[in-house]
Each structure stands twice: as C-alpha cells, then as structure tokens.
Amino acid sequence: MTSTTTAGTTTMTSTIASDGFTLDPADREAILEERAHYPYPQAASIEALKIVQKRHGHVPDGAIPAIAETLGIGVADVEGVATFYSLIFRQPVGRHVILICDSSSCFLTDYEELRDAFIAHLGIGMGQTTADGRFTLLPVCCLGACDRGPTILIGEDLHGPVVPDEIPRLLEGYS
Amino acid sequence: MSRILQPASERRAETHPLTWRLHDDQSPVLLDEYRRTQGYEAVTKALEQYTYETLTEEVKTANLRGRGGAGFSAGFKWSLTVKGEDKPRGYIVCNADEMEPGTFKDRLLMEQQPHLLIEGMILAGFANRSKQGYIFLRGEYHRAAASIQRALADARAEGWLGANVRDSGWDFDIALHTGAGRYICGEETALINSLEGKRANPRAKPPFPGQSGAWGLPTVVNNVETLCNVPGIVNNGADWFQALSGDLSSDGGTKLYGVSGKVENPGLWELPMGTTGNRILELAGGMRDGLTLKSWLPGGGSTGFLLPEHLELALDFDTIGKTGSRMGTGLLTVVADNQSMVSLTRNLEEFFARESCGWCTPCRDGLPWSVKLLRALEAGEGEPGDIELLEQMARDLGPGKTFCAHAPGAAMPLASAIHYFRDEFERGVTRPKGKAHADPIPVGSV
C-alpha cells in the first residue's frame, strides 16, 4: 500500500496485506462522512466496521487494514475494536441473523423453550449458520422490549412475544 | 414497540411531562406537532432568561435524580463540570445504551418523541457550555435511530441546532452515535471510550468525566429519561417538578415505571415518583395464569431481589435503597412462585459474566466461577460450601473492589437471592465435599 492523502487526512502506510479486499468507494465515502462527526478519526472506527458489514454481511480480514488506512489510524486499533463488540461479525454469517434475547425478563417468559425450538427447527446450535447460508442464531442482551417477551431481532425487525409454533411462519418472511 | 398503557386522554401536560404528547397508535410526534404543543419553548426561554449558571441551579433545585439507575442529582453533576468563559467547551453525551435487563423505557421515548430528548440535550448543552452533543444509542435500536435522525435533521433545519442557535450567538449541534453491542457501554466511562472508538473498558476515576471526559474535555453523561425531564423543569420551574410527586417521595418528578414477567398487562406507565410497587402491579393486572408473586427486581438485573411485602414501599431511590436493593431503572421484573430463583440467578450471572469487559480480574474471573457454581446447584450437583463460596464472591465482587459498577451490579441479585431464598439453593447441595468443581471453566462457556 502507498501513502495517500484523503479529505485532509494523511493516511498511514500499512504493511498488513488486505488479502485482495477492496473497500467499495461508496463505503469509503460513508466512512469519511462519519469521520467528520468527531474531533478524532478513531471515533469513526466502529461505524466504519458497521458500514463494511452492511455490504458484506461480516467484516472480512482485509477490511481491517483498509479501514485503518481510510481513517489514518492503526490497524491494531481497528482490530481491537472489531474483536470486542458483539455485533461486529468477524466471520461469515447467514443472510439473516436471528438475535434471541436471553436476559432475565425473556428468561422468565420462557425464552429457553423458544431458543430450543429455533435450534430444533433450523438444525443448528447457537452461534451457527444454516448450510444454505440463510440464518445464523446468536444470543443478545436484553432487547429493551421486555413487555413483549420473549423477543427476538431478525435483521432490523423486532418480534415479540414469539411462541415456538410461530417459528415456521415467521421465518417465511426471510428468504 | 413497547407501550405506554395509560390512554392519551389520561395523560396531561401538567402531570405527565414525559408522555402527554404520545399517541395511542405509537406513531412518533414530529416537529410540527411538537412545536404546536409547547415544544422548544424551554430552549427559547433558556436562551432569553437563563445563563448557564442559573439553568444549572434551577435543575439542581428541582432535584432531578438520574433515571439511568444511579439516582445521582443531574443538576449537581452539572455543577461539578469544568466550565466558564476561560475554559474549553466540552461535550454533553446522552446515554441511550439501554441494555439493563428488564428495562424498556428509553426506547419508547426515543422512538415516539425524539424532540423531547433533543430539547433536553440542547438545554443540558447550554447549562454545561458544551460545544457538541452525542446520543450514544445501542446498535439494536433501529427504529429509534431512524426517529432520532429525522428529528435531528428537522430541528437543524429550523435552527434549533447548528451554528448560532436561534440567533443567540451560541453554537451547538448533536450527532447520533450508534453502538455495536456490549452491555458495558452503558457504564459512563466505558461509554466515553466507546464513543472515542476504543474498546469499552471503564476508566479509573478520578478524573471524573466532568473534568476530563471525551477526548480529554469536560463531559456530562445523562440518561435519556433524565434529559427528557429538563424541558418541563425549565418551562414550569423547580417547584412544579418537586410537586409532581406530592408527598409520595422527597424526589421530584414523575417516573416511567413498568412491569415485565408473567403479569396480565406488561407495559409502561408515567406515574408520580414514589408510587408503590403494589399500585404498579395493580395497573399491570396482577399475575397471570393464576400464578402468585414470589419475588421481584425493582429496576433491572443489577438490582437486588425483594419480597412481596416490599411492594408496599414507595419506589424511589432512597426508600428502596434502605432495603439493601436499589430502585435502578424503576422497571419491575416479577418472578412467579413456580419459577426457580436458582435458575434465574444463574441466568443473570451468565449475562454479567458474558458482558464483563475483562478489564479487571475479580469481574473477569469471578463471574464465570459463580456461573459454574450456580449451574451445579441448579442441576442438583452442588456440594457443601458452594453457597458460602457464592456469598463470599458476592462480597468480593462488591463496591470498591473493581474498576466499575458491573461486578457490584452482578453481586446484588446473587447476594439477595441467597439471602431471601436460601432453601432453594440448599436443595441443590447433594454431593459430598470433594473435587466436583475442580475442572477448569471451559473457554466460551458463558
């Protein structure tokens, strides 16, 4: 990689290969737009990871140095953040990520039955992806809709209360 | 998605400052309607009649206590901020990282009435001489994010945000910052680290954020509901705010109370601060399916369990604090008589163990250890000494032993569950004293 100047920011020369990853120009623009919201570029790193993830479904290895270069920050800073936050996926996930709330209110409204029903219906465990690449199952912190427990989030859609019998019909909406 | 269960006809401006504008169909209150219903009048009044010092004093007098769970006086917090003509201008940050188990109040305010929050932030920014506000919103709140983004654009277009706010000569803007998971981001200093694009580990205090917060500048962090109370205080005065709770509580204002668990009508209500648990449970229609209440959490997973007899107490910070628990966020989680306290405590400690940021040892290593013991007790495979060990851990994870309040928060339901329901834990002790728990804790098991 070579050193370039973008939007007034001198970017660092990275010695870590991007593995052939190319940051989409639109994503690069979006990252630089986020960067303008903060006094220092590192603050945009989480949003940058989310921008890449929105396009690719997860954050490929090569995206880490590409983001670092775009923001002009260290590769380790981006990787450190990418591995800390639970909603940044560092390996491929399904087209639809099903987040099942496992916190106390949903626990008290029988989330464990719901979780087991999802596991049985999809034939995968928590943290796994169906063979057709359609769904990934993950647990999530309290979704803040405790009056509707048990709750799940599929993509950006909140559902609750969800009963096990509804699962097949519910998932029909996500191809 | 969460609902206020009082119909619009019962909510009035004088008595329900947080929710009186909300629609029964849950559609958001947009700028035009907000303006028609006293919206942004508090900003106009503040810019004309207050200095940053007198506005801080007004909120301090109102005794607005932090609705994020800690109950610290917002006005007092503001008075501790480094500010003045000769001081650098810093940041006002809204903690919208609502992730406390059992808490669903800030979501409602942000989805349905984002301008009230924005107005509260403008006032807080003015009182603290901030140059910029950030709303730190958890990443899973997609509808709230859309609602806030639209409201910010609308408010900016009318000059309530940006350079020279309403021709006052004062510059102030707000940006939305969305997170990417992790409960610990709700901790004040971890939130600041996350805002800076770092891992959300807490910071040592002092210095407190009011001296050195985001990017080393004075920073005030307030909860969504706290900030939403500020416009009413400015419009109607500290005395009005104090009077909202009548003689129910020494704390002023209303509170968004709620109930979740196996009740007939789970939901939210805006009620005077100091309303009793009995009244709130009555509004929720009591337990469903013929169940009986066994225990309850007054305000989230990091508060201590209480008994049915405690429902007669005023739900405010000081009264609940005297029981050894905390009011926390004031949203009740109810436990039915057929639900196991050991299993529920295991679930809570699994949550805290998973969400530990790993920064300090008691929390990182102690919480998974507690999960291991609780799983054994739940499976009926505990051994003598396990309960005492859990009690010791609850003490050693308590206040002052760790960097932040995460581990003390985890210790509270653990200690109180054993205190009130020891017999349930004792039923899990079936094995002779031995090496049943000698195996290491499997990586990734919590």
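Caption draft 1: Seen up close, the overall build of chain A. A count of helices and strands for chain A gives seven helices and six strands. The order of helices and strands in chain A, counted from the N terminus, is β-β-α-α-α-α-β-α-α-β-β-β-α. Counting only residues that meet the buried cut, chain A has 43% of its 175 residues in that class. For chain A, the share of sequence-separated contacts (at least 6 apart) that also reach a separation of at least 24 residues comes to 61%.

Caption draft 2: Quick peek at the overall build of chain B. When its secondary structure is counted, chain B shows 18 helices and eight strands. Relative to the compact-globule value of 22 Å for 446 residues, chain B shows a C-alpha radius of gyration of 22 Å, a close match. Considering only C-alpha atoms, chain B reaches an extent of 75 × 45 × 35 Å along its principal axes. Scored against the burial criterion, the 446 residues of chain B give a buried share of 57%.

Caption draft 3: The packing of helix α14 (residues 341–355) of chain B against helix α17 (residues 406–420) of chain B, seen in detail. Residues and elements named next belong to chain B. Put simply, α14 and α17 touch, their axes get as near as 10 Å, and they point 175° apart. What the angle tells us is that α14 and α17 run roughly antiparallel. Facing M341, T345, L348, E349 and F352 of α14, the residues of α17 in contact are H406, A410, P413, L414 and A417. For the contact of α14 with α17, a count of residues per class yields seven nonpolar, two polar and one charged.

Caption draft 4: Looking closely at the interface of chain A and chain B. Taken together, the 36 residues of chain A in the interface contact 41 residues of chain B. Of all the elements in the fold, those that place two or more residues in the side of chain A that touches chain B are α2 (45–56), α4 (75–82) and α5 (104–108) of chain A. Partitioned by chemical class, the residues of the side of chain A that touches chain B number 21 nonpolar, eleven polar and four charged.

Caption draft 5: Representation of unusual backbone geometry in the model. Here the residue pair G149(A) and P150(A) is connected by a cis peptide bond, since its omega of 0° sits within 30 degrees of zero. Relative to the helices and strands, P150(A) resides in the loop between β4 (135–140) and β5 (152–154). The backbone of D110(A) sits at a positive phi, close to 70°, despite the residue not being glycine. Tracing the chain through its elements places D110(A) in the loop between α5 and α6 (111–122). Even without glycine at this site, R166(B) takes up a positive phi of about 45°.

Caption draft 6: Expanded view of the sheet that holds β5(A). Residues and elements named next belong to chain A. Pairing in this open sheet of four strands is mixed, and the strands run β4-β3-β5-β6 from one edge to the other. Every interior strand has two partners, whereas the edge strands, β4 and β6 (157–159), have only one. Adjacent strand axes in the sheet meet at a mean angle of 20°, parallel and antiparallel pairs treated alike. As defined by bridge partners, β5 adjoins β6 across three bridges and the pair is classed as antiparallel. Note on β6: the bridge partner recorded for I152 is H159.

Caption draft 7: Quick peek at the confidence of the model for chain B. Chain-level statistics for chain B give a pLDDT mean of 95 and a share of 97% at 70 or above. Across the predicted assembly, pTM comes out at 0.95 and ipTM at 0.95.

Caption draft 8: View of α17(B). All names here are of chain B. For α17, with 15 residues, the first-to-last C-alpha span of 22 Å sits near the 21 Å given by 1.5 Å per residue. Burial of α17 is extensive: twelve of the 15 residues sit out of reach of the surface. All of the buried residues along α17 are H406, A407, G409, A410, A411, M412, P413, L414, A415, S416, A417 and I418. Buried-residue contacts for α17 involve β7 (293–297), α14, α15 (361–378), α16 (386–396) and α18 (422–426).

Conventions adopted
- Residues numbered from 1 in each chain as written.
- Chains lettered and ligands numbered in written order.
- Predicted model: local features only at pLDDT ≥ 70, side-chain atom pairs only at ≥ 80, totals over all residues.
- Helix = DSSP H or I, 4+ residues; strand = E, 2+ residues; numbered from the N terminus.
- Buried ≥ 20, exposed ≤ 12 C-beta atoms within 10 Å, placed from the backbone.
- Contact = placed C-beta atoms within 7 Å.
- Rg over C-alpha atoms; globule rule 2.2 N^0.38 Å.
- Axes fitted to C-alpha atoms, helices over the stretch in contact; angles between N-to-C directions.
- Parallel < 35°, antiparallel > 145°, perpendicular 65-115°, else oblique.
- Nonpolar A, V, L, I, M, F, W, Y, C, P; charged D, E, K, R; others polar.
- Pairing = 2+ DSSP bridges.
- pLDDT = per-residue confidence, 0-100.
- Expected span 1.5 Å × (residues − 1).

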